[in-house]
Amino acid sequence: MPAGIRLRRSERRALIRDELVDAAATVIARKGYEAASVAEIAAEAGYTVGAVYSNFSGKRALFEAVFALKADETFALAATPGDSVGDLAGIARRLLDQDDNGRRWWLLWLEVVIEAQRDPSREFPLSAVEAHSRSSLAAILREQLPGIDEDLTLATALQAIWRGWLLGSAADQQGDAEGLARAMKWLIAGAAAASSDGKRRSRSSATS
């Protein structure tokens, strides 16, 4: 921010919240949700513990705020202006070649999945985030692939294959964006073929 520019109180508060959320993503991804402390998160952001509690009720609220902020970023990669679903190789490269923020989000998502299985009573906001991610990707597919009928099913499949590829690449340190692009192409081609077949059958039934 340029020197000499004074923020309004609401803008300053929003900036502090954003910095605390980013710090929470860093610390929790590095140490895990249980081991991370509010004091460490505050220190990472350069604020006091009091600043955290002035903006959030606690670590859990910070964790949920991280999810709210990061949920849309993952598949926004597929909607970069000037790109299309046809550029699957470019999309796959960006999905696998994540920056530090992307990797932090991936680690946080994995932790939530694990914690939800260990203790369902924790009620981390996983279901809502998953539904929102799938519906956002489905909206992109509807816009770019209008002939696809089951866009939500295709979105779920693409999401699953990307995450599986990302997990594998994290294990063997090899991204293989070309392989992911081919797999995505097969899924999209299969969905398009199924949609076309369904429409042909509907027309045949209507004329018989």
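Before reading further, recall that the structure is shown in the block above.
Residues numbered from 1 in each chain as written. Predicted model: local features only at pLDDT ≥ 70, side-chain atom pairs only at ≥ 80, totals over all residues. Heavy atoms only, no water.

1. Things to note about the packing of helix α1 (residues 9-31) against helix α2 (residues 38-45)
At a minimum axis distance of 8 Å, the contact between α1 and α2 shows a crossing angle of 125°. Here α2 runs oblique to α1, going by the angle between their axes. The crossing of α1 and α2 is right-handed. Here α1 contributes Glu19, Leu20, Ala23, Ala24, Thr26, Val27, Ile28, Arg30 and Lys31 to the contact with α2, which in turn contributes Glu40, Ile41, Glu44 and Ala45. In the contact of α1 with α2, the residues fall into 7 nonpolar, 1 polar and 5 charged. (Axes fitted to C-alpha atoms, helices over the stretch in contact; angles between N-to-C directions. Helix = DSSP H or I, 4+ residues; strand = E, 2+ residues; numbered from the N terminus. Parallel < 35°, antiparallel > 145°, perpendicular 65-115°, else oblique. Left-handed = near helix turned anticlockwise from the far one by under 90°. Contact = heavy atoms within 4.5 Å. Nonpolar A, V, L, I, M, F, W, Y, C, P; charged D, E, K, R; others polar.)

2. Quick look at the nonpolar core
Core analysis: the largest hydrophobic core is formed by 51 residues, its most contacted members being Ile28, Leu62 and Leu108. Sequence-distant contacts of leucine 108, that is, excluding residues within four places in its chain, are made with Ala25, Ile28, Ala29, Phe63, Val66 and Phe67. (Core = buried A, V, L, I, M, F, W, Y, C linked by side-chain atoms within 4.5 Å. Buried < 20%, exposed > 50% of the residue type's maximum accessible area, 1.4 Å probe, protein only.)

3. Overview of the packing of aromatic side chains
Per the stated rule, a full pass over the model turns up 1 aromatic pair. Here the guanidinium or amino end of lysine 59 rests over the ring plane of tyrosine 33, the centre of that ring lying 4.6 Å away. (Phe/Tyr/Trp six-rings, centres within 6.5 Å; stacked < 30°, edge-to-face > 60°. Lys NZ or Arg CZ within 6 Å of the ring centre and 35° of its normal.)

4. Thoughts on helix α8 (residues 151-172)
With 22 residues, α8 should reach 32 Å at 1.5 Å per residue; the first-to-last C-alpha distance of 31 Å fits that figure. If you check which residues of α8 are buried, you get Asp151, Leu154, Ala155, Leu158, Gln159, Trp162, Arg163, Leu166 and Ser169. One side of α8 holds all its buried residues, which, seen down the axis, span an arc of 165°. (Expected span 1.5 Å × (residues − 1). Arc of directions from axis to C-beta.)

5. Things to note about the side chain of asparagine 55
Within the fold, asparagine 55 resides in helix α3 (residues 49-55). The residues touching asparagine 55, leaving out its near neighbours within four places in the chain, are Arg13, Ile16, Arg17 and Leu20.

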